[in-house]
Structures are given as structure tokens and as C-alpha cells.
Amino acid sequence: GLTTAGVISGIAAGPDGNMWIAMPSVNQIAKVDMAGNVTPYSAGITVGASPVGIVVGADGNLWFTGGGSGTVPQVDSSIGRITTAGVVTEFPFGPYASNDPSGIVAGSDGNIWAVNILEASIVRARTGEAAPSSDPVVTNIKQVTNNGKANFAPYLHPDNKRVLYVSNQADPKGRDFDVFLINVD
């Protein structure tokens, strides 16, 4: 079974028929098969990365956000990829002064979208072709919101031109959340 110390913060149905979960408190991604057998993966995940969200990408791999330890978020925050064989690769979350990626979604455009809660923004990570090392790369991370408020639950609109998200940007007190739509360009 799952470790009792592990907090589950994300779950995704994998392309391999297994459930995959993000467990930030034990710095792991775990695979749970339909018989209930658990296989934890931590090799390749930076110590303190704390995986929080997980989603299946258009490339058939699972992608996760690593919120980092919070002590040096611009260093230990990342977007990671784990294959169904359990091979992990992490990519820096971007050139922002402070990073804390949390929510993550695979867009119908083949890109990965994530929320950076410390920058109050939504970013797009393009999953590119294989680099010379035969390792796919995350390129062109782009911030699409910058309103200084809380932004959550990004969802790429089916037209691939707009992102739907939830924010408290319209409430001066910051308590009420509404749904907003923004162009990706």
C-alpha cells in the first residue's frame, strides 16, 4: 500500500492503465496498478522538489510540477516528466524571480500548462522534439497572466487560443473567485 507519511496531491490515469499519483511529502511519484500494488519512484526527482500535480501529456508520458522546498524556489522548482517505465527527467520551471508551480494540465495543443502561484501567473511549457541527446526538452515557457492575484485551474480552451482559469483578480478583498478567459498571445 501507500506509505502513511505520503500526502497525495495529484492523480492521473496513465496511458499504461495504471493510476499515477504525486506525493509531495515523501518527494515521490507512485504507480498504483489495478490490483493495488504500489511502485514508488523517487530516483531522478530533486530532493525537496515535492511533486504536487500530475497529468498525461500528448507524448504519452506523465508530467508533474515540483513546487520545490520553498527555500530557494527559483532553483528547486521544476516541471518533470516520468515515463511509464519510471524514468524521471526534470526541467527548470523558467526564468522567473520566484517559482512555485502547482496545478498542471495537458492542453489540446500538445503543450503543458501550469500555475506559478508565487508569480500569480499561468505558464505554458512546450514539449519539443528530441534534443541531440534524444531527450525531449521543455522550451518557450511563457507567462500568460500577470495580475498579482491568485490564479488556479488553467484549462486550454478547445480553440487552442485561449486559457480558461479561476482567479480572485476582480475582487478588491481577494475573497471571491470567478472564471476568466485570456488569449495565450
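Structure shown above.
Residues numbered from 1 in each chain as written. Predicted model: local features only at pLDDT ≥ 70, side-chain atom pairs only at ≥ 80, totals over all residues. Heavy atoms only, no water.

> Give a description of the overall build of the chain that names residues and reports values.
Scanning the chain from N- to C-terminus turns up 1 helix and 15 strands. Surface accessibility of the chain: about 8,800 Å² in total, with carbon and sulfur atoms responsible for 55%. (Helix = DSSP H or I, 4+ residues; strand = E, 2+ residues; numbered from the N terminus. Areas by Shrake-Rupley, 256 points an atom, 1.4 Å probe, with all protein chains shown as cover.)

> Account for the side chain of Ser167, naming residues and giving values.
Here Ser167 is to be found in strand β14 (residues 162-167). Here Ser167 falls in the buried class, since its relative accessible area comes to 0%. Every residue in contact with Ser167, bar those within four places of it in the chain, is listed here: Asn147, Lys149, Ala150, Asn151, Asp176, Phe177, Asp178 and Phe180. (Buried < 20%, exposed > 50% of the residue type's maximum accessible area, 1.4 Å probe, protein only. Contact = heavy atoms within 4.5 Å.)

> Quick one: what's the story with the sheet that holds strand β4 (residues 38-41), residue by residue and with numbers?
The strand order across the open sheet built from 4 strands is β1-β2-β3-β4, with neighbouring strands paired in antiparallel fashion. Across the chains shown, the open sheet's two edge strands, defined by having one partner strand only, are β1 (10-13) and β4. Adjacent strand axes in the sheet meet at a mean angle of 20°, parallel and antiparallel pairs treated alike. Relative to strand β3 (residues 28-32), strand β2 (residues 19-23) is paired through 5 bridges, and the arrangement is antiparallel. (Pairing = 2+ DSSP bridges. Axes fitted to C-alpha atoms, helices over the stretch in contact; angles between N-to-C directions.)

> Tell me about the nonpolar core, residues and numbers included.
With 12 residues, the main nonpolar core is built from Ala12, Trp20, Ala22, Ile29, Tyr41, Ile45, Ala49, Ile54, Leu62, Phe64, Ile82 and Val88. Counting residues per element, the ones that place at least two in this core are β2 and β6 (62-66). Residues contacting Tyr41, with those up to four places away along its chain left out, are Trp20, Asn27, Gln28, Ile29, Lys31, Ile82, Ala85 and Gly86. Listed in part, the 7 residues of the second largest apolar core include Trp63, Ile79, Phe91 and Ile112. (Core = buried A, V, L, I, M, F, W, Y, C linked by side-chain atoms within 4.5 Å.)

> Residues and numbers for the packing of aromatic side chains, please.
With the rule as written, the count across this model stands at 1 aromatic pair. Measuring from centroid to centroid gives 5.8 Å for Trp20 and Tyr41, while their planes differ by 15°, and the two rings are stacked. Of this pair, Trp20 sits in strand β2 while Tyr41 sits in strand β4, placing them 21 residues apart in sequence. Looking at Trp20, the relative accessible area reads 0%, which means it is buried. (Phe/Tyr/Trp six-rings, centres within 6.5 Å; stacked < 30°, edge-to-face > 60°.)

> Give me a nonpolar patch on the surface: which residues, what numbers.
A surface patch of nonpolar side chains, about 370 Å² in accessible area, is lined by Tyr155, Leu164, Val179 and Leu181. What makes Leu181 partly exposed here is its relative accessible area of 41%. (Patch = residues over 30% accessible without salt bridge, like charges linked within 9 Å, V, L, I, M, F, W, Y side chains within 5 Å. Salt bridge = Lys/Arg side-chain N within 4 Å of Asp/Glu carboxyl O.)

> Can you break down the environment of Gly174 residue by residue, with the values?
Mapped onto the secondary structure, Gly174 falls in the loop between β14 and β15 (178-183). The exposure class assigned to Gly174 is partly exposed, which follows from its relative accessible area of 24%.

> Can you tell me about the side chain of Thr83, naming the residues and giving the values?
Looking at the secondary structure, you find Thr83 in the loop between β7 (78-82) and β8 (88-92). The class for Thr83 is buried, based on a relative accessible area of 18%. Excluding anything up to four places from it in sequence, Thr83 contacts Trp20 and Asn61.

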